[in-house]
Amino acid sequence: MEDLKDVVAKNLIELRTRAGFTQLELAEKINYTDKAVSKWERGEALPDLRVLVKIAEIYNITVDDIVSPHTERKIKPKMNTGTKRLLITLLSTGLVWFIATVIFMIFFFIPATEEYAYLVFICAPFVCSIPLIVFSAKWGNWITDTLACSLLVWSLALIFYLFVKAFSSFDKMYFIYIVAGVFEALVIGWFILRRVIKRKK
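A brief look at the structure comes next. Not measured: the values here are computed from a predicted model.

**Structural notes on the overall build of the protein**
When helices and strands are tallied, the protein shows nine helices and zero strands. Reading the protein from its N terminus to its C terminus gives the helix and strand order α-α-α-α-α-α-α-α-α. Carbon together with sulfur atoms contributes 68% to the accessible area of the protein, which is approximately 13,200 Å² in total. Treating the 25 positive side-chain charges of the protein as one cloud and the 19 negative ones as another, the clouds have centres 6 Å apart.

The structure is reproduced here in C-alpha cells:
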C-alpha cells in the first residue's frame with residue numbers, strides 16, 4: 001500500500017497544478033510558508049487536519065479527496081477572497097451610481113429641477129466614499145483607507161463648492177479647496193502615523 005505521505009504529496013501537487021496556483025499562492029491562502037507547502041508536496045511532512053480542511057475548502061472538495069488515492073477528480077477552486085471583496089466593492093459603488101442615474105432622470109424630467117439635475121452626480125462620489133471607507137477599514141490597508149477618506153474629503157468640498165455656486169451669488173468659494181487641502185494633509189498624516197505605531201508594536 002502506498003505511504004500516506006506520498007499519497008497526500010501527489011494529490012496536493014495535482015490539486016494545486018489543476019487549480020493553477022503556485023506554491024506561494026497556496027501558502028498565502030492557508031497562512032503558511034511556501035517552504036511548508038514544498039515539504040508536503042515532496043512527502044517530507046504531512047499537513048495537520050486543520051490545514052487539510054482549509055485546503056479542501058479552497059479546492060471545493062473533501063479531505064478524503066486529499067488523503068485517498070484517486071485517478072480522476074473534479075476541482076472547482078473557490079473564488080479568491082480578494083476577488084470576492086473587489087466584486088462586493090464594485091457592486092456597491094455601481095449600485096450608488098445606478099440610483100444616482102435614476103434620481104437624475106426623475107429630476108431631469110421635472111421642469112422645476114431640470115436645471116440642477118446634474119448635481120445628483122456631484123453627490124454620488126461622496127455617497128460612494130462611505131461604503132468604500134467601511135470596506136477599506138474591514139479588508140483594506142492604510143493606502144486604501146487614505147484613498148477612501150481622501151475621496152470623502154474632496155467630494156464633500158466639490159459638493160459644497162458647486163451647491164453654493166448654483167444657489168447663491170457668493171463668488172469666493174476657492175477657500176473651500178484650501179480647507180480640503182488641510183484636511184487631506186491631516187488624513188495622510190493620520191494613516192502614516194497609525195502605520196508607524198503598528199510597526200513599532
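Moving on from the model shown.
**Side note on the nonpolar core**
Within the largest apolar cluster, 19 residues are counted, with the highest numbers of intra-cluster contacts made by Ile30, Trp40, Ile55, Tyr59 and Ile66. Mapped onto this core, the elements with two or more residues apiece are helix 1 (4-19), helix 2 (23-29), helix 3 (34-42) and helix 4 (49-59). Counting residues per element, this core draws most heavily on helix 4, at six residues. In this view, Ile30 contacts Val37, Trp40, Val51, Lys54, Ile55 and Ile58; residues no more than four positions away in its chain are not counted.

**Considerations on unusual backbone geometry**
Even without being glycine, Asn31 reaches a positive phi, approximately 60°. With respect to the helices and strands, Asn31 occurs in the loop between helix 2 and helix 3. One non-glycine residue, Asn60, lies in positive phi territory at about 60°. Examined against the element boundaries, Asn60 turns out to sit in the loop between helix 4 and helix 5 (63-67).

**Concerning the environment of Asp3**
Tracing the backbone through its elements, the reader meets Asp3 in the segment before helix 1. Of the residues examined, Asp3 reaches a relative accessible area of 41% and is grouped as partly exposed. Once the C-alpha coordinates of Asp3 and Gly43 are considered, the two residues, 40 residues apart in sequence, prove to be 9.2 Å apart.

**Focus: the environment of Val164**
With respect to the element layout, Val164 can be found in helix 8 (residues 142-167). On the basis of relative accessible area, Val164 is assigned to the buried category, the value being 19%. Separated by 155 residues in sequence, Val164 and Ala9 have C-alpha atoms that sit 67 Å apart. In contact with Val164, not counting residues within four places along its chain, are Phe170 and Met173.

**Here's the deal with the packing of helix 7 (residues 119-139) against helix 8**
It is the contact of helix 7 with helix 8, at a shortest axis distance of 8 Å, that shows an interaxial angle of 160°. It follows that helix 7 is roughly antiparallel to helix 8 by the angle criterion. When you trace helix 7 past helix 8, the crossing you get is left-handed. Tallied by class, the residues present in the contact of helix 7 with helix 8 amount to 19 nonpolar, four polar and one charged.

Quick notes on the rules
- Residues numbered from 1 in each chain as written.
- Predicted model: local features only at pLDDT ≥ 70, side-chain atom pairs only at ≥ 80, totals over all residues.
- Heavy atoms only, no water.
- Helix = DSSP H or I, 4+ residues; strand = E, 2+ residues; numbered from the N terminus.
- Areas by Shrake-Rupley, 256 points an atom, 1.4 Å probe, with all protein chains shown as cover.
- Lys, Arg positive; Asp, Glu negative; His and termini not counted.
- Charge placed at Lys NZ, Arg CZ, Asp CG, Glu CD.
- Core = buried A, V, L, I, M, F, W, Y, C linked by side-chain atoms within 4.5 Å.
- Buried < 20%, exposed > 50% of the residue type's maximum accessible area, 1.4 Å probe, protein only.
- Contact = heavy atoms within 4.5 Å.
- Axes fitted to C-alpha atoms, helices over the stretch in contact; angles between N-to-C directions.
- Parallel < 35°, antiparallel > 145°, perpendicular 65-115°, else oblique.
- Left-handed = near helix turned anticlockwise from the far one by under 90°.
- Nonpolar A, V, L, I, M, F, W, Y, C, P; charged D, E, K, R; others polar.

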